[in-house]
Amino acid sequence: MLKNNVEYSSVSRTPTELALKRKLSPKLKDLLVIAGFIAPALLIYGIFVVYSIGMTFYYSLFNWSGINNSFEFIGIQNYLNLLKDGVFWEAFGNNSLLVASSLFTQLPLGLIMALLLFSPLKGMRFFRSIYFMPFLMSTVAIGILFTFMYDGNFGIVNQILKAVGLGSLQQGWLGNENTAIWAVIATICWQFAPFYMILFRAAIVGIPEELYEAAMIDGANAKQRFLKLTLPLLMPTIVTSSILSIIGSLKYFDLIYVMTGGGPNNSTELMATYMYEETFTNFNMGYGSSISFAMFLIALVITVIIVTSEQKRKGAN
Amino acid sequence: MNIIKKISNMPLYALAIILLIFTGLPYLIMINSSFKSQLEFMTSPWSFPDAFTFDNYSMVLSSNFIRYFGNSILVSVISVVIVIVISAMASYPLARMKFKLNRPLFILFMVGMMIPIHTTLIPIYLLTINMGLYDTIWGLIGPYVAFSIPISVVIFTQFLQDLPKELEESAKIDGCGHFRLFWKILFPLLTPAVATVAIYNFIHIWNEFIFALVLTNSQESATLPLGLREFYGEFSVNVPGIMAALTLGSLPLLLVYLVAQEKIVKGIAAGSVKG
């Protein structure tokens with residue numbers, strides 16, 4: 001470090017730099033420095049995120065196809081239509097189902113996998129390597145792969161059912177209105193359980209070994225150690241994971257788009273797939289904007305609820 | 001004693017193996033059927049291949065696949081480099097300087113993590129057309145960078161806050177300006193955070209789908225996820241061929257994962273929990 005400092009002090013400054021230094025008050029100079037450092041990120045973020053959200057709201061007040069010039073101001077009519085739109089509510093219901101299923105399948109499964117990694121089994125490194133792999137595959141690839149696996153004619157799911165004597169259950173899983181959403185949910189679980197495993201593993205690593213040693217000396221058995229020690233200490237991670245899975249489930253799109261496109265008969269429609277369809281297939285950009293702004297509002301409300309309850313919980317502790 | 005211990009571990013092993021099959025089987029199926037001829041796949045889709053054939057792979061490689069692959073590499077690498085530079089810069093005043101808008105600006109960036117991409121899709125689509133970047137891979141870089149900024153700024157800011165204050169005090173005494181102080185002294189110390197940011201964002205951008213779907217149209221500017229879907233639409237009867245494409249498409253991340261497993265796992269965990 002010392003060597004570096006010597007180096008810097010010996011660097012000579014250009015005349016303009018010196019002139020700037022004399023002219024500007026230190027406070028103003030600091031402000032310029034701050035602005036200079038933040039500006040590039042703020043500019044890109046401002047244009048593509050902040051400005052875009054504002055424009056989405058603006059477009060949502062118009063009846064507008066997006067391909068011709070008829071741009072008719074209709075106030076909140078799009079939102080009133082949205083509230084009466086059965087497909088939107090079906091999509092919202094499916095999003096809620098995704099939230100629930102991710103909380104009650106992905107998180108527990110991830111926790112079980114993480115706990116297994118700390119069990120005294122041989123070859124755990126190998127298990128861990130394989131367990132994490134689903135998270136690395138692109139969602140599009142997963143969608144295509146699982147579409148084949150669920151296929152009614154040659155899909156492996158049907159083959160396995162036949163092999164275990166449940167041949168009567170064989171069907172085209174994605175073509176059936178009653179099974180499609182569950183087939184997709186199982187796929188999402190496959191994709192994301194490893195992700196939560198990684199989060200839980202990182203948290204368990206952070207628990208001091210001495211706590212377990214002390215608990216063992218006090219005669220706590222494995223079940224007690226888990227319920228009284230591991231689980232409470234994992235609570236912050238469980239909260240974080242829940243936030244991630246709720247927000248993630250609300251904006252879910254890729255897999256459904258590739259596997260079912262929202263069908264059959266809207267049975268797997270999500271807010272995001274419906275918004276895409278209305279905007280880029282049916283060319284109702286005004287209405288599509290109102291759907292996407294509704295998604296933003298829902299995410300915002302949930303975020304505020306989580307953040308405030310988080311703060312209360314922290315305050316209570 | 002040892003035997004008893006082994007037996008008591010049996011249920012755990014059973015569970016571990018069931019989960020191994022659950023997570024690994026789709027990969028196995030994908031790789032396995034990619035080595036079959038179309039005929040063999042039709043007669044026995046899920047058995048091990050009788051004769052390994054690489055025909056599917058040469059078919060994929062002679063298609064547009066290389067182009068998709070190149071596009072993905074280009075877009076991901078450029079985006080990640082830009083994200084690292086501008087997010088690290090933005091984090092410097094946020095972490096180490098006092099000013100009125102500090103907290104509001106940090107919150108503004110942080111909120112970005114909660115925003116559904118779809119809420120920005122239509123304006124970005126129109127903006128891209130107006131800028132003349134529609135259907136080019138360059139049009140993807142802006143949105144990719146913008147949506148990677150929140151998590152990156154949070155990671156860098158937290159990391160910078162933990163560095164000792166004396167660093168800039170001694171630099172200031174020596175008359176070292178903010179710019180040099182940041183790039184020459186602080187940035188080199190950020191390496192672990194840079195690795196996290198790079199890994200986390202690279203995986204997400206490499207697999208990104210919706211912006212690529214909306215902002216590009218032709219095969220020339222398609223990225224890998226889009227190309228895979230294109231492939232799927234074009235050769236939907238040729239299942240082994242598609243499986244070969246999926247395998248090749250998944251290979252880069254898998255290879256990197258095998259080499260730098262611990263780093264990637266840590267990067268994902270750190271990136272997510274900070275968020």
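Residues numbered from 1 in each chain as written. Chains lettered and ligands numbered in written order. Predicted model: local features only at pLDDT ≥ 70, side-chain atom pairs only at ≥ 80, totals over all residues.

(A) Just the overall build of chain A, in detail. Per the secondary structure count, chain A includes 14 helices and two strands. What you see for chain A is a C-alpha radius of gyration of 27 Å, clearly larger than the 20 Å of a compact globule of 317 residues, by over 25%. Taken along its principal axes, the extent of the C-alpha atoms in chain A is 85 × 75 × 40 Å. Looking at chain A residue by residue over its 317 residues, the buried ones come to 37%. (Helix = DSSP H or I, 4+ residues; strand = E, 2+ residues; numbered from the N terminus. Rg over C-alpha atoms; globule rule 2.2 N^0.38 Å. Buried ≥ 20, exposed ≤ 12 C-beta atoms within 10 Å, placed from the backbone.)

(B) Spotlight on the overall build of chain B. In terms of regular secondary structure, chain B is built from 15 helices and zero strands. On C-alpha atoms alone, chain B measures out to a radius of gyration of 24 Å, which is more than a quarter above the 19 Å that the 2.2 N^0.38 rule sets for 275 residues. If one aligns the C-alpha atoms of chain B with their principal axes, the spans along those axes are about 75 × 70 × 30 Å.

(C) Expanded view of unusual backbone geometry. Residues and elements named next belong to chain A. For N265, which is not glycine, the phi dihedral falls at a positive 55°. Considering the arrangement of structural elements, one finds N265 in the loop between α12 (254-259) and α13 (271-281). At N266, a position not held by glycine, the phi torsion is positive, near 65°. You can see N266 is positioned in the loop between α12 and α13. By the C-beta count within 10 Å, which is 17 here, N266 ends up partly exposed.

(D) Spatial organisation of the interface of chain A and chain B. Of the residues lining the interface, 72 residues belong to chain A; the matching set on chain B comes to 73 residues. When residues of the side of chain A that touches chain B are assigned to their parent elements, the largest contribution, 17 residues, is made by helix α3 (residues 26-59) of chain A. Of the residues that constitute the side of chain A that touches chain B, the class distribution is 53 nonpolar, 16 polar and three charged. (Contact = placed C-beta atoms within 7 Å. Nonpolar A, V, L, I, M, F, W, Y, C, P; charged D, E, K, R; others polar.)

(E) Quick look at the domain arrangement of chain B. Residues and elements named next belong to chain B. Entries for chain B in the domain assignment read domain 1 (2-52) and domain 2 (59-274). Averaged C-alpha coordinates put domain 1 and domain 2 at centres separated by 34 Å. In this assembly, eight residues from domain 1 lie in contact with seven residues from domain 2. Residue assignment for the side of domain 1 that touches domain 2 shows that the elements contributing at least two residues are α2 (10-34) and α3 (38-43). With four residues, α2 is the single largest residue contributor to the side of domain 1 that touches domain 2. (Domains from an automatic or database assignment.)

(F) Representation of the confidence of the model for chain B in the model. For chain B, per-residue confidence averages 87 on the pLDDT scale, and 96% of positions sit at 70 or higher. Averaged pLDDT values for the elements of chain B fall to 61 in helix α1 (residues 2-8) of chain B and rise to 95 in helix α12 (residues 210-215) of chain B. (pLDDT = per-residue confidence, 0-100.)

(G) Here's a closer look at the environment of L39(B). Residue and element names in this part refer to chain B. Summarising the element assignment, L39 is placed in helix α3. What makes L39 exposed here is the crowd of 8 C-beta atoms within 10 Å. C-alpha of L39 to C-alpha of P240: the two residues are 201 residues apart in sequence and 9.6 Å apart in space.

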